[in-house]
Amino acid sequence: MLKKEFLDFELAVEKSLENAKATKFTEIVNIEDALNRIISKDVLCRKNLPSFNNSAMDGFAVKFLDAGKSLKVKKIIFAGEKVEPCLEENECYKIMTGAQVPSDVDTIIPIEDVISYKDEIVTIPEYIKKGSSLRLKGEEKAINDVLFKKGETINSSTLAVFASQGITKIEVYKKISIAVVSTGNELKEPWEEASEDEIYNCNSYAITTLLEEKGFDSTYIGVIPDNLEQSIDFINSLSCYDVVITTGGISMGDADFMAEAFRQNGLKTIFHGVNIKPGRPIMMGVIEKEFNNCFVMCLPGNPLTAMVNMHLFAIPVLNKIQGGNSIYQDICLAVNKEDFKTKTGRVNIVLGTAKSGEFNVTKKNKYGSGMITVLNESNAIVVTKPDKDFTAQGEFLRVIRFGCSYLETKTEIFN
Ligand SMILES: Nc1nc2c(c(=O)[nH]1)N[C@H]1C(S)=C(S)[C@@H](COP(=O)(O)OP(=O)(O)OC[C@H]3O[C@@H](n4cnc5c(N)ncnc54)[C@H](O)[C@@H]3O)O[C@H]1N2
Ligand code: MOO
């Protein structure tokens, strides 16, 4: 009997990330088109935040030394006005939120905190704090401070900072090109007619749309037939892509040609077979010279297997190739609501629903990896260690949501 060695899961993740090289290609885009793109050069502050001393409250701008006095309001200052210092003894300004604070005052008293205000005379409390409600030039960020580091992902908060700096164009990594391919003579496309002996190709839809959710562009190329020569030719036509993701044809059957067909196209295998359920036949590799360092991920054909391994293996690798710093899945902690069993001797990926701090295992963890709808009934996975055979109700679990964010530092995902 053929006995195959399966690589330790953690080692497989480590090796895949180690071999994933970040793209070097960049482009300049308008910030309105920059959402989810990865910054390719540190962005420095070029306008102090705030760019002038200003008031945080509607109130009175006074000298700290005038605490407890009654002062005459010399001038009312509105946001957008520029005012030269002009106070004489026992005078102050009335000032609006965001308005520039002249250099002859150092403290703002909110209007509701003064003792009295009548006929342009205001009485200031005796005990005030010097500098209160005064926002100083550059106190948030000063010119040349690093605002964003290379490798950070642009989100709506990033865009607010760009706009506050007058930055309208930004250098980002060019989007990597990803080819998504299915395999198998049994497959029909959903727009074709499938007989009872045939099945509809759902993996390509699931993968291209998951990639879209995660901010990647991909192209669905088609189905590779179960034939070695045709597989070799088909793969040969993918040399222009940065990444190729296939599903199916990667296990040990007589019609599983992916490993050999990629090898014949120059693939250097990183690993083929990982000690994980589902996903054991998974293969990764790089085609260096012939395909200009194309990263290849061959996922098993079972739809559930393909998708959970997209979450667990593929997305972190893609984040790295895209130039991002954030490659490790963020986890949330959730209380397990129902006992479930797992087989020992391998890492298990368990599907469930994470909601309001609780984890509900899908179908008591009794489902097959050929199933499709269980994915839709779940929104998260739990990864268990090879020696864990039972997870009790009430246990706190580390959960990876399908929609999780990604972190720069490695997270502990095991339970
Ligand atoms: N002797 C062994 N047999 C198998 C092993 C093993 O270790 N030894 N591993 C099993 C595991 S685990 C998995 S997972 C499967 C994966 O096999 P393949 O990657 O070769 O996938 P296929 O056989 O091509 O397909 C499996 C299953 O999925 C269906 N499929 C494939 N592509 C699609 C698609 N695009 N859309 C929908 N469904 C798809 C296909 O029809 C099969 O039913 O191997 C085990 N065998
Ligand atoms: O990877 Mo397979 O889905 O474990 O059956």
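Treat the numbers as computed from the prediction; the structure is a model and nothing was measured.

A separate point is the site of ligand 2. The local shell around ligand 2 consists of K277, P278, G279, R280, P281, N302, T305 and S369. Here an oxygen atom of ligand 2 sits 3.4 Å away from a polar atom, N or O, in the main chain of R280.

Contacts to ligand 1 come from 22 residues, most closely from E186, N201, G249, S251 and R280. A distance of 2.8 Å separates a nitrogen atom of ligand 1 from a polar side-chain atom of N201. When the free accessible area of ligand 1 is taken as 860 Å², the share hidden by the protein chains comes to 71%. The residue inventory of the shell around ligand 1, partitioned by class, reads 9 nonpolar, 10 polar and 3 charged.

This paragraph deals with the confidence of the model for the protein chain. Averaged over every residue, the pLDDT of the protein chain is 96; residues scoring 70 or more account for 99%. Scored by ipTM, the complex comes to 0.97, with pTM at 0.93.

This part covers the layout of surface pockets. One number sums up the size of the largest pocket: a volume of about 540 Å³. Lining of the largest pocket is provided by 22 residues; of these, K21, A22, N292, N293 and C294 occupy positions nearest its centre. Among the elements of the structure, β18 (267-272) and β21 (294-299) are those that each provide at least two residues to the lining of the largest pocket. Here the residues of the lining of the largest pocket are counted per class, giving 12 nonpolar, 5 polar and 5 charged. Along the wall of the second largest pocket there are 20 residues; nearest its centre are N36, I38, T153, K214 and N319. Per-class residue counts for the lining of the second largest pocket are 6 nonpolar, 9 polar and 5 charged. Each of domain 1 (9-25 + 175-321) and domain 2 (27-45 + 150-173) gives at least three residues to the lining of the second largest pocket.

We now examine the packing of aromatic side chains. A full pass over the atoms with the stated rule returns 6 aromatic pairs. Considering the side-chain rings of F60 and Y117, the 4.9 Å spacing of their centres and the 70° angle between planes classify their relative orientation as edge-to-face. One end of the pair, F60, is in strand β4 (residues 59-62); the other, Y117, is in strand β8 (residues 116-118), and 57 residues separate them in sequence. Where F271 meets F313, the ring centres are 5.9 Å apart and the plane angle is 40°; that geometry is what we call tilted. Taken together, the positions of F271 in strand β18 and F313 in helix α6 (residues 303-321) put the pair 42 residues apart, joining distant regions of the chain. With a relative accessible area of 4%, F271 lands in the buried category.

A few words now on the nonpolar core. Grouped together as the largest cluster of nonpolar side chains are 51 residues, with contacts concentrated most on L211, I245, F295, M310 and L318. Among the domains, domain 1 (9-25 + 175-321) and domain 4 (331-401) are the pair contributing at least three residues each to this core. Each residue touching L211, except ones within four places of it in the same chain, is listed here: I178, V180, F216, S218, I245, M310, I315 and L318. With 21 residues, the next largest nonpolar core counts I232, I235, L238 and Y241 among its residues.

Before going further, it helps to examine the domain arrangement of the protein chain. Note on interface size: it is often stated as the accessible area lost on association of the parts. As far as domains go, the protein chain holds domain 1 (9-25 + 175-321), domain 2 (27-45 + 150-173), domain 3 (54-135) and domain 4 (331-401). The C-alpha-based centres of domain 3 and domain 4 are spaced at 60 Å.

Now for α6. If you look at α6, its biggest bend is around 50°, right at M310. Most of α6 sits out of view: 18 of its 19 residues are buried. Once α6 ends, the next one or two residues include G323, with phi positive near 95°.

Another point: the sheet that holds strand β20 (residues 283-287). Within the open sheet, the 6 strands sit side by side as β16-β13-β17-β21-β20-β18. Their pairing is mixed. Pairing within the sheet leaves two strands with one partner each, and these edge strands are β16 (219-224) and β18. With direction set aside, neighbouring strand axes in the sheet form an average angle of 20°. Where strand β17 (residues 243-247) and β21 come together, 5 bridges link them in parallel fashion. Note on β21: the bridge partner recorded for V244 is V296. Across the sheet, helix α3 (residues 203-213) is in contact with β13 (178-183), β16, β17 and β21; its angle to β13 comes to roughly 160°. α6 rests against β13, β17, β18, β20 and β21 of the sheet, and its axis sits at about 170° to β21.

Thresholds, definitions, all that
- Residues numbered from 1 in each chain as written.
- Chains lettered and ligands numbered in written order.
- Predicted model: local features only at pLDDT ≥ 70, side-chain atom pairs only at ≥ 80, totals over all residues.
- Heavy atoms only, no water.
- Near = heavy atom within 4 Å.
- Polar contact = N/O pair within 3.5 Å; in protein donor to acceptor, adjacent residues only side chain to side chain.
- Areas by Shrake-Rupley, 256 points an atom, 1.4 Å probe, with all protein chains shown as cover.
- Nonpolar A, V, L, I, M, F, W, Y, C, P; charged D, E, K, R; others polar.
- pLDDT = per-residue confidence, 0-100.
- 1 Å grid on protein atoms, 1.4 Å probe; cavity = no way out; pocket = protein on both sides within 12 Å on 5 of 7 lines; lining within 4 Å.
- Points joined across faces, edges and corners; volume = space filled by probe spheres on them.
- Helix = DSSP H or I, 4+ residues; strand = E, 2+ residues; numbered from the N terminus.
- Domains from an automatic or database assignment.
- Phe/Tyr/Trp six-rings, centres within 6.5 Å; stacked < 30°, edge-to-face > 60°.
- Buried < 20%, exposed > 50% of the residue type's maximum accessible area, 1.4 Å probe, protein only.
- Core = buried A, V, L, I, M, F, W, Y, C linked by side-chain atoms within 4.5 Å.
- Contact = heavy atoms within 4.5 Å.
- Bend = angle between axes of the 7 residues up to and from the residue.
- Pairing = 2+ DSSP bridges.
- Axes fitted to C-alpha atoms, helices over the stretch in contact; angles between N-to-C directions.

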